[in-house]
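Take a look at the letters that make up each chain.
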Amino acid sequence: MGQGPYALRFDPSHRTVELQQAHADLANGEERDVAVAVAGRVMTRRVMGKLAFFTLADETGPIQLFIEKATLSASMPDDPEAFAHITSLVDAGDLIGVQGTLRRTDRGELSVKVKSWQMLSKSLQPLPDKWHGLSDVEKRYRQRYLDLIVSPDTRETFRRRAVAVSAIRRWLDERGFLEIETPVLQSVPGGADARPFETHHNALDLPLTLRIATELHLKRLVVGGFERVYELGRIFRNEGISTRHNPEFTSIEVYQAYADYNDMMDLTEQLIAHVCQQVCGSTTIRYQGNEIDLTPPWRRVTMHELVKEATGLDFTAFISRAEVAEAMEAKGLAVPALADSVGRLLVEAFEQTVEADLIQPTFVIDYPVENSPLARAHRSKPGLVERFELFIVGRETANAFSELIDPVDQRQRLEAQMARKAAGDDEAQQVDEDFIQALEVGMPPTGGLGIGIDRLVMLLTDSPSIRDVIAFPLLRPESVN
RNA sequence: GGGUCGUUAGCUCAGCGGUAGAGCACUCGGCUUUUAACCGAUUGGUCCUGAGUUCGAAUCUCAGACGACCCA
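Residues numbered from 1 in each chain as written. Chains lettered and ligands numbered in written order. Predicted model: local features only at pLDDT ≥ 70, side-chain atom pairs only at ≥ 80, totals over all residues. Heavy atoms only, no water.

## What about the pairing of strand β12 (residues 284–287)?
Thinking step 1. Residues of β12 alternate between two faces, with I285 and Y287 buried on one and T284 and R286 left unburied on the opposite face.
Thinking step 2. Taken together, the 4 bridges between β12 and strand β13 (residues 290–293) define a ladder with antiparallel strand orientation. If you follow R286 over to β13, its bridge partner there is E291.
Thinking step 3. Connecting β12 to the next strand, β13, in antiparallel fashion are 2 residues, including Q288 with a positive phi near 50°. (Buried < 20%, exposed > 50% of the residue type's maximum accessible area, 1.4 Å probe, protein only. Helix = DSSP H or I, 4+ residues; strand = E, 2+ residues; numbered from the N terminus. Pairing = 2+ DSSP bridges.)

This is how it looks when you write it as structure tokens:
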């Protein structure tokens, strides 16, 4: 053949889906004398004497190769054994390129009638079972490349993820938002209740952590005069792994000056409905058997109302933690020691009785101040803050505030967090002096929003686990032996 | 952290105390309309690891590793 098994390049004239669409009118048994060149991976081979059928798949899908010994001998005079070579040297899994014309077989399969072929890259590993595919879930994650080769659904999931991320950025860019990148390496992790990954900078001999949120830096940018900013990027939290959690995940945070959390609810439902329309072609989708209607507007309801609906307990009537604890225990609810106030127990009651049942998109609004150290005090409800979380299919999907811009209040809130940290809550936040100083310079009233991109993509791709939407999820390394 | 299930050929799996199996893939032979091609032949194993019970363990017991799911 005179060529190695790893070619330098190839010029495809078409992607397979283009041929399938452009020649849908070709009748069974008919040929069309157009020169085409396609490249891809050999998925199946059926060799019968002097005729062979291969299935070749490129990124867009499969097309059949119609390979006749007589045709190849005539069109590749330099290689009289061309047919023997393609049928004996090419295995399923190999990447090849072919040139030829089109023919629809008697059985109706559009095929490239092969006139010449080149090996582009030899596969030394066998493909997974062509009928069962990769059903070993662990192998799907560890060897995602194999999963992508054999599972069209997996390819579609990551295609949709790319479309979703692109649509989000475009939607925001068109509305005057700027994406500005903020540090991943931070000396004071802030903006969320979470444990960070710790690392170290050698030259400065400086302990650093990976960011657990982008919030405090984006707010500094708002102080600096950028009125609409966002960042879509990777966040790291040193926490457990589950179908809803991966230690590194993707979020977007959006800040809009002169707006409040009501504006952010409008923005959230418009943005997500738009992305859903772009990715799924509709704002009504199915997720794990449930029909989800993302058509705005979405239900907006206070946490107090939801807990009252679910438990009959009216938390606005409670004064002491002791009476709440007694009432919750009477309802069979757990009362954790760390939940040391009426407000924290409200959140506990919400998580235990309401959260999982919020299937349709629901803005849960007006949270207790104790759990929300970065949100502004509610304009009319003492003890609460102007915050919402968006729940879809029982999962927290977004979180937003009217941002706290009063530096004195902010310092007190973060100091209260530090006290909790000292008391053993290792997810409590800490005071970031530089951030406080930025607030002292004066931050405009601002609405802020965070959306979990992975959970949103799970919804848009009907994926049950976050690992299905992260190309390479964190797994324990395979045993050292 | 707790519970349930799983780990056997490259892939998908069966076998559940008595010689390690099937289909696909690979290799070889045959075949000009197949598409899970077909027909024939060959090849392929640390039955996750370790200990125990037993005349005998892939199979039973215990411990561990890894994974999936559920719960906290």
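## Digging into the nonpolar core
Thinking step 1. Membership of the largest hydrophobic core comes to 45 residues, with the highest contact counts inside it found for M303, V307, F315, M328, F350 and V364.
Thinking step 2. Looking at which element gives the most residues to this core, the answer is helix α11 (residues 342–353), with 6 residues.
Thinking step 3. The contacts of M328, once residues within four sequence positions are left out, are L313, F315, L333, A334, V335, L345, E348, A349 and Q352.
Thinking step 4. Among the nonpolar cores identified, the runner-up in size contains 44 residues, and A167, V393, L460 and V469 belong to it. (Core = buried A, V, L, I, M, F, W, Y, C linked by side-chain atoms within 4.5 Å. Contact = heavy atoms within 4.5 Å.)

## Focus on helix α9 (residues 303–311)
Thinking step 1. Those residues of α9 not exposed but buried are M303, H304, L306, V307 and T311. Taken end-on, α9 shows its buried residues confined to a sector of 165°, consistent with a single buried face.
Thinking step 2. Looking at the buried residues of α9, the elements they touch are β14 (299–302), α11, β15 (362–368) and β16 (384–392).
Thinking step 3. Once α9 ends, the next one or two residues include G312, with phi positive near 80°. (Arc of directions from axis to C-beta.)

## Digging into unusual backbone geometry
Thinking step 1. With an omega dihedral of -5°, the bond running from P296 to P297 counts as a cis peptide bond.
Thinking step 2. Mapped onto the secondary structure, P297 falls in the loop between β13 and β14.

## Considering the domain arrangement of chain A
Thinking step 1. Domain boundaries assigned for chain A yield domain 1 (16–121) and domain 2 (150–298 + 360–468).
Thinking step 2. Computed over C-alpha atoms, the centres of domain 1 and domain 2 are 50 Å apart. (Domains from an automatic or database assignment.)

## As for the sheet that holds strand β9 (residues 206–210)
Backbone-to-backbone hydrogen bonds pair the strands of a sheet. The strands run either parallel or antiparallel.
Thinking step 1. Taking strand neighbours across the sheet as the criterion, the 3 strands line up as β7-β9-β8 in an open arrangement whose pairing is antiparallel. A strand with exactly one partner marks an edge of an open sheet, and here the two such strands are β7 (185–186) and β8 (198–201).
Thinking step 2. In terms of strand pairing, β8 meets β9 through 4 bridges, oriented antiparallel. Residue pairing in the sheet places H200 in a bridge with P207 of β9.

## Some words on the packing of aromatic side chains
Thinking step 1. Summed over all chains, the structure comprises 5 aromatic pairs.
Thinking step 2. When the ring of F315 is compared with that of F318, the centres are 5.3 Å apart and the planes differ by 80°; the resulting orientation is edge-to-face. Take F315 and F318: they sit in the same class, and that class is buried.
Thinking step 3. A centroid spacing of 5.3 Å and a plane angle of 65° characterise the contact between F350 and F391, whose relative ring orientation is edge-to-face. Of this pair, F350 sits in helix α11 while F391 sits in strand β16, placing them 41 residues apart in sequence. Across this residue pair, the class does not change: F350 and F391 are buried. (Phe/Tyr/Trp six-rings, centres within 6.5 Å; stacked < 30°, edge-to-face > 60°.)

## Notes on the pairing of strand β4 (residues 95–104)
Thinking step 1. Across the 10 residues that make up β4, a large majority, 8, are buried.
Thinking step 2. Note that strand β1 (residues 31–48) and β4 share 8 bridges and pair antiparallel. Its bridge partner lying in β4, G40 is registered against I96.
Thinking step 3. Across 10 bridges, the pairing between β4 and strand β5 (residues 110–121) is antiparallel. Bridge pairing links R104 to L110 in β5.
Thinking step 4. Adjacent in sequence and paired antiparallel, β4 and β5 are bridged by 5 residues, among which G108 carries a positive phi angle near 95°.

## Overview of the packing of α9 against α11
Thinking step 1. Their axes nearest at 10 Å, the elements α9 and α11 cross at an angle of 55°. As judged from the angle between their axes, α9 and α11 are oblique. Seen from above, α9 lies across α11 with left-handed handedness. Note on element contacts: α11 touches α9 through L346, V347, A349, F350 and T353, opposite M303, H304, L306, V307, A310 and T311.
Thinking step 2. Tallied by class, residues from the contact of α9 with α11 come to 8 nonpolar, 3 polar and no charged. (Axes fitted to C-alpha atoms, helices over the stretch in contact; angles between N-to-C directions. Parallel < 35°, antiparallel > 145°, perpendicular 65-115°, else oblique. Left-handed = near helix turned anticlockwise from the far one by under 90°. Nonpolar A, V, L, I, M, F, W, Y, C, P; charged D, E, K, R; others polar.)

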